[in-house]
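# Breakdown of the fold
The chain contents come next:
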Amino acid sequence: MSQLEYLGDATPFATQVHALLPYSPLFEDLSLAEVGLISPFMQVYRAQTGQEVLREGDEGDFMLFVIEGRIEVLKQAGSNLPRLIAIVANGKTLGEMSLIDGHPRSATCIADAGTVVGVLTRENLARIILEQPILGAKILMALVVMLSQRLRTTSAQLLASLDQMGRPYDELVDQDGGFV
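In short, a report on the structure. (Residues numbered from 1 in each chain as written. Predicted model: local features only at pLDDT ≥ 70, side-chain atom pairs only at ≥ 80, totals over all residues. Heavy atoms only, no water.)

Here we come to the overall build of the protein. Across its full length, the protein holds five helices and nine strands. Helices (α) and strands (β) of the protein occur, in sequence order from the N terminus, as β-α-α-β-β-β-β-β-β-α-β-β-α-α. Computed over the C-alpha atoms, the radius of gyration of the protein is 17 Å, within 12% of the 16 Å expected from 2.2 N^0.38 for a compact globule of 180 residues. If one aligns the C-alpha atoms of the protein with their principal axes, the spans along those axes are about 55 × 35 × 30 Å. (Helix = DSSP H or I, 4+ residues; strand = E, 2+ residues; numbered from the N terminus. Rg over C-alpha atoms; globule rule 2.2 N^0.38 Å.)

So, in structure tokens, the structure goes:
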């Protein structure tokens, strides 16, 4: 995030963030008061058009909330050029997997327009959980539901792609039973 323009904590953006909540699966159930409570725990940055926000393979322990603008999500496809897999707009989040598991970024994200993002780190999420346990539980539950929905969608897309290619499913069988 060091290459992005730092704008401070999210407190001055609380009303703008609250207005975006209907578009955010992660934060849609938060009240304006709850947004006010988490705002000091989020830092805000501005990215210019074409500026890299996250890089596939980089370490990460934070997620982003798009306050304004758009971000293109690109995934490296073997030795081919990266492929556009999503466009993330106002109110949406990205980077949740690294926030939870601390593993390297799974995609590269580039600002498609002048973009302002709120950043929630793993450390600050832990502080929210300790200082505001009900709010922390609400955020964690929303994260689990959102990631579960994404996994279901991805699994369905994978099977549809395998059907189109005429590939058997048996190579996908999970021997540990963790998919159900």
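Still more ground to cover, so stick around.
What follows deals with helix H5 (residues 133–165). Here H5 spans 47 Å end to end across 33 residues, near enough to the 48 Å set by a 1.5 Å rise per residue. Among all positions of H5, only Leu-135, Gly-136, Ile-139, Ala-142, Leu-143, Met-146 and Leu-162 are buried. Where the residues of H5 are buried, they touch helix H2 (32–38), strand S7 (93–94), helix H3 (96–101) and helix H4 (122–131). A positive backbone phi angle near 70° is found at Gly-166, which sits one or two residues after H5. (Expected span 1.5 Å × (residues − 1). Buried < 20%, exposed > 50% of the residue type's maximum accessible area, 1.4 Å probe, protein only. Contact = heavy atoms within 4.5 Å.)

Moving on, we come to the environment of Gly-36. Its location among the elements puts Gly-36 in helix H2. Assessed through its relative accessible area of 34%, Gly-36 is described here as partly exposed. Each C-alpha atom, one on Gly-36 and one on Glu-131, is 14 Å from the other, the two residues being 95 residues apart in sequence.

Attention shifts here to the pattern of salt bridges. Per the stated rule, a full pass over the model turns up six salt bridges. In this structure, the salt-bridge partner of Lys-138 is Glu-34, at a minimum N-O distance of 2.9 Å. In this pair, Lys-138 sits in helix H5 while Glu-34 sits in helix H2, placing the two residues 104 residues apart along the sequence. Lys-138 gets classed as partly exposed once you look at its relative accessible area, which sits at 31%. Look at Glu-34 and you get buried, because its relative accessible area is 15%. (Salt bridge = Lys/Arg side-chain N within 4 Å of Asp/Glu carboxyl O.)

Now for H4. Restricting attention to buried positions, one finds in H4 the residues Asn-124, Leu-125 and Ile-128. The buried residues of H4 occupy one face: seen down the axis, they fall within an arc of 105°. In H4, the exposed positions that point more than 90 degrees away from the buried face belong to Glu-123 and Leu-130. If you follow the buried residues of H4, they end up packed against H2, H3, strand S9 (115–121) and H5. (Arc of directions from axis to C-beta.)

Roughly 1,200 Å³ of volume is contained in the largest pocket. Val-73, Ile-85, Ser-106, Ala-107 and Thr-154 are the residues nearest the centre of the largest pocket, which is lined by 33 residues in total. For the lining of the largest pocket, the secondary structure elements donating two or more residues are strand S5 (70–75), strand S6 (83–89), S7, H3 and H5. Residues that form the lining of the largest pocket fall into these classes: 18 nonpolar, eight polar and seven charged. (1 Å grid on protein atoms, 1.4 Å probe; cavity = no way out; pocket = protein on both sides within 12 Å on 5 of 7 lines; lining within 4 Å. Points joined across faces, edges and corners; volume = space filled by probe spheres on them. Nonpolar A, V, L, I, M, F, W, Y, C, P; charged D, E, K, R; others polar.)

Residue placement: Leu-4 occurs in the segment before strand S1 (5–9). On the basis of relative accessibility, which here comes to 7%, the residue Leu-4 falls in the buried class. Sequence-wise, Leu-4 and Val-117 are 113 residues apart; in three dimensions their C-alpha atoms are separated by 10.0 Å. Ignoring anything within four residues of it in the chain, the contact list for Leu-4 reads Tyr-45, Arg-46, Ala-47, Gln-51, Glu-52 and Val-53.

Moving on, we get to the side chain of Glu-96. Inspection of the secondary structure puts Glu-96 in helix H3. Of the residues examined, Glu-96 reaches a relative accessible area of 2% and is grouped as buried. In contact with Glu-96, other than residues within four places in its own chain, are Met-63, Leu-143, Met-146, Leu-147 and Arg-150.

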